[in-house]
Amino acid sequence: MSWASRFRELEDDCRRAPSAHNTQPWLPQYTSDSIDIHWDPARALPDSDPTRRDLFLSLGAFVETSLIVAASAGLPVRAEIAVDHATLRAARLLPAPEVYDTPFTVESVRQRRCARGGYAPGTLDPQTLAGLGADLRQVPTRELAGPLAEADRWMFGTPAVVDELRAWMRLSPKHPRYHLDGLTDRAMALSRVEATGLAAMIGPRAYRLTRRLGGPALLAAASKGLLRYDGSVLILVGSAVTPEAVIAHGRELVRVWLALSERGLHVHPLSQLLDCAATSARLAARLDLAPDESPLAVFRTGRPLDTPVRSARIPAA
Ligand SMILES: Cc1cc2nc3c(=O)[nH]c(=O)nc-3n(C[C@H](O)[C@H](O)[C@H](O)COP(=O)(O)O)c2cc1C
């Protein structure tokens with residue numbers, strides 16, 4: 001059996017990689033001597049993610065997850081990161097002389113999940129933070145409660161961003177893609193009543209009216225309590241001068257999330273803080289960054305009060 005055929009058998013685990021809105025933008029294409037990782041433009045988020053920061057972070061997460069899964073199966077694979085905008089290729093997986101060196105296993109990949117419900121109070125201790133191996137800045141949750149409400153008002157008040165959110169939300173188990181991709185009511189930790197209310201407010205026709213009648217402020221108010229406890233928000237900082245650099249940070253991001261997960265700590269990304277220009281600029285100003293650095297990912301982390309749900313994935317073809 002060729003190394004590529006062996007890899008193909010592992011693809012479902014590689015697909016456990018996280019991606020913004022759970023769009024799973026990766027398209028692995030098997031050639032005779034490599035597995036080329038392309039992206040599907042229909043699974044990018046041009047309005048919520050105009051700089052493609054989250055697209056390339058997600059592709060990086062897929063590459064790193066693939067290397068971990070292959071290593072766990074004893075399959076020597078390496079990645080060459082080179083973005084080709086003409087063919088929408090982000091990276092190539094190639095046979096390697098040695099198994100990828102990683103502390104993580106396929107079990108780590110299967111265990112990791114985002115948790116968007118309540119978290120027990122408690123901040124990350126400096127030793128754990130230092131051991132995560134990335135440029136991470138810690139900010140107390142309460143400090144970002146106000147900015148998060150502002151970012152949520154911007155998000156729910158921006159029609160193109162809401163259109164994309166609506167397209168990827170699966171607010172009822174009856175949604176035909178509920179088990180395949182996107183953000184389910186359960187993954188978003190919404191009760192049936194909350195999911196029904198959200199669907200009603202941002203439904204394509206109702207939204208035109210609710211937007212003018214203060215719907216965005218109401219929706220933002222719903223998430224107000226999210227950061228009103230004593231916990232940790234981590235900000236991954238780095239240089240994002242090229243798509244390749246962002247992919248490298250996506251690999252780093254998934255390693256951080258896996259390392260946290262192995263300590264029983266889960267994450268809840270809050271990318272709207274970076275997508276909203278006003279809150280992003282204030283956050284960057286607070287972080288004392290080098291000239292080429294920017295905040296690339298923001299997420300709260302801690303011990304969730306409830307077991308986080310396993311998110312949907314498209315099975316390998
Ligand atoms: C780059 C990136 C940005 C993300 N941004 C958000 C976000 O702003 N809010 C959120 O709730 N989840 C966010 N997520 C988490 C994804 O929605 C999540 O990975 C996906 O739904 C799959 O779920 P899982 O990670 O539990 O497997 C982000 C993930 C990535 C990789």
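Everything here concerns the structure above.
The residue numbers shown here count from 1 along each chain, following its written sequence. In keeping with the model being predicted, local features are shown solely for residues with a pLDDT of at least 70 and side-chain atom pairs are shown and tallied solely at 80 or more, while totals for entire chains, interfaces and linings include all residues. Note that water and hydrogens are dropped before the side-chain values are worked out from all heavy atoms of the structure.

What is the right way to look at the sheet that holds strand β4 (residues 89–95) in this model?
Neighbouring strands of a sheet are bound in pairs by backbone hydrogen bonds; such pairs are parallel or else antiparallel. Any two strands between which DSSP finds at least two bridges are classified as paired. Helix and strand assignments follow DSSP, with helices taken as H or I runs no shorter than four residues and strands as E runs no shorter than two, numbered in order from the N terminus. Read across the open sheet, the four strands follow the order β1-β2-β4-β3; overall the sheet is antiparallel. Edge strands, defined here as strands with exactly one partner in the open sheet, are β1 (26–30) and β3 (77–84). When the angles between neighbouring strand axes are averaged without regard to direction, this sheet yields 25°. Inspection of the sheet shows strand β2 (residues 35–39) paired to β4 by four bridges, in the antiparallel sense. Its bridge partner lying in β4, His38 is registered against Arg89. In this analysis, two residues are considered to be in contact whenever any of their non-hydrogen atoms come within 4.5 Å of each other. Interaxial angle, 0 to 180 degrees, is taken between N-to-C directions of lines fitted to C-alpha atoms, where a helix line uses only the stretch in contact. Along the sheet face, helix α3 (residues 53–72) touches β1, β2, β3 and β4 and points at about 165° away from the line of β3. In this fold helix α11 (residues 243–262) packs onto β3 and β4, with an angle of close to 145° to the strand it touches most, β3.

How should I be thinking about the site of the ligand in this particular structure?
One heavy atom suffices: a residue is near a molecule or strand as soon as one of its heavy atoms comes within 4 Å of it. The ligand sits among 21 residues. The nearest are Cys114, Arg116, Ser271, Ser311 and Arg313. Coverage of the ligand by the protein amounts to 91% of the 610 Å² it exposes when considered alone. Counting residues per element, the ones that place at least two in the shell around the ligand are α3 and β9 (266–269). Residue polarity follows a fixed list, in which Ala, Val, Leu, Ile, Met, Phe, Trp, Tyr, Cys and Pro are nonpolar, Asp, Glu, Lys and Arg are charged, and the others, Gly among them, are polar. The class makeup of the residues in the shell around the ligand is eight nonpolar, eight polar and five charged. The start and end points of each domain follow an automatic or database-based domain assignment. Both of domain 1 (3–111) and domain 2 (126–143 + 227–302) provide at least three residues apiece to the shell around the ligand. In this description, accessible areas are obtained by the Shrake-Rupley approach with a 1.4 Å probe, and a residue is regarded as covered only by the protein chains that are shown.

How should the pairing of β4 be read in this particular structure?
Along any regular strand the residues' side chains alternate between the sheet's two faces. Extensive coverage of β4 is indicated by the burial of five of its seven residues. Inspection of the sheet shows β3 paired to β4 by six bridges, in the antiparallel sense. In the strand pairing of β4, Arg78 is matched with Leu94. Remark: four residues form the turn of the hairpin made by β3 and β4, two consecutive strands paired antiparallel; Leu88 in that turn has positive phi of roughly 55°. Between buried and exposed lies partly exposed: a residue is buried under 20% and exposed over 50% of the maximum accessible area for its type, with that area taken using a 1.4 Å probe on protein chains only.

So what exactly am I meant to see when it comes to the packing of helix α7 (residues 159–168) against helix α9 (residues 204–212) here?
Relative orientation and spacing of two packed helices are given, respectively, by the angle between their axes and the distance between those axes. At a minimum axis distance of 12 Å, the contact between α7 and α9 shows a crossing angle of 145°. Like other packed secondary-structure pairs, α7 and α9 cross with a definite hand, here right-handed. Two secondary-structure elements touch here, α7 through Pro159, Val162 and Arg166 and α9 through Pro204, Tyr207 and Arg211. In terms of residue class, the contact of α7 with α9 is made up of four nonpolar, no polar and two charged. With the far helix as reference, a near helix turned anticlockwise by less than a right angle produces a left-handed crossing, and one turned clockwise produces a right-handed crossing.

Sorry if this is basic, but what is going on with α3 here?
Expected span, for any helix, means 1.5 Å times one less than how many residues it has. Over its 20 residues, α3 runs 29 Å from end to end, which matches the ideal 28 Å to within 8%, given 1.5 Å per residue. With 19 of its 20 residues buried, α3 lies for the most part within the structure. Looking one or two places after α3, you find Gly74, whose phi comes out positive at around 75°.

Is there a simple way to explain the packing of aromatic side chains in this structure?
Any two aromatic rings considered together are summarised by their centre-to-centre distance and by the angle between their planes. Between rings of Phe, Tyr and Trp, where Trp is taken as its six-membered ring, a pair exists when centres lie within 6.5 Å; planes separated by under 30 degrees are stacked, by over 60 edge-to-face, and by other angles tilted. In this structure the tally under the stated criterion is four aromatic pairs. Where Trp26 meets Phe62, the ring centres are 4.8 Å apart and the plane angle is 15°; that geometry is what we call stacked. Placement of the pair is Trp26 in strand β1 and Phe62 in helix α3, with a sequence separation of 36 residues. No difference in accessibility class separates Trp26 from Phe62, as the two residues are buried. Seen from their ring centres, Tyr119 and Tyr229 are 6.5 Å apart, and the 15° between their planes marks the pair as stacked. Of this pair, Tyr119 sits in the loop between α4 (106–111) and α5 (126–130) while Tyr229 sits in the loop between α10 (215–222) and β8 (232–239), placing them 110 residues apart in sequence. Looking at Tyr119, the relative accessible area reads 5%, which means it is buried. By relative accessible area, which is 11% here, Tyr229 ends up buried. Its end group placed over the ring of Tyr30, Arg8 keeps NZ or CZ at 3.9 Å from the ring centre. Put simply, a charge is over a ring when the Lys NZ or the Arg CZ is close to the ring centre, within 6 Å, and near the line of the ring normal, within 35 degrees.

Structural measurements only, silent on function.
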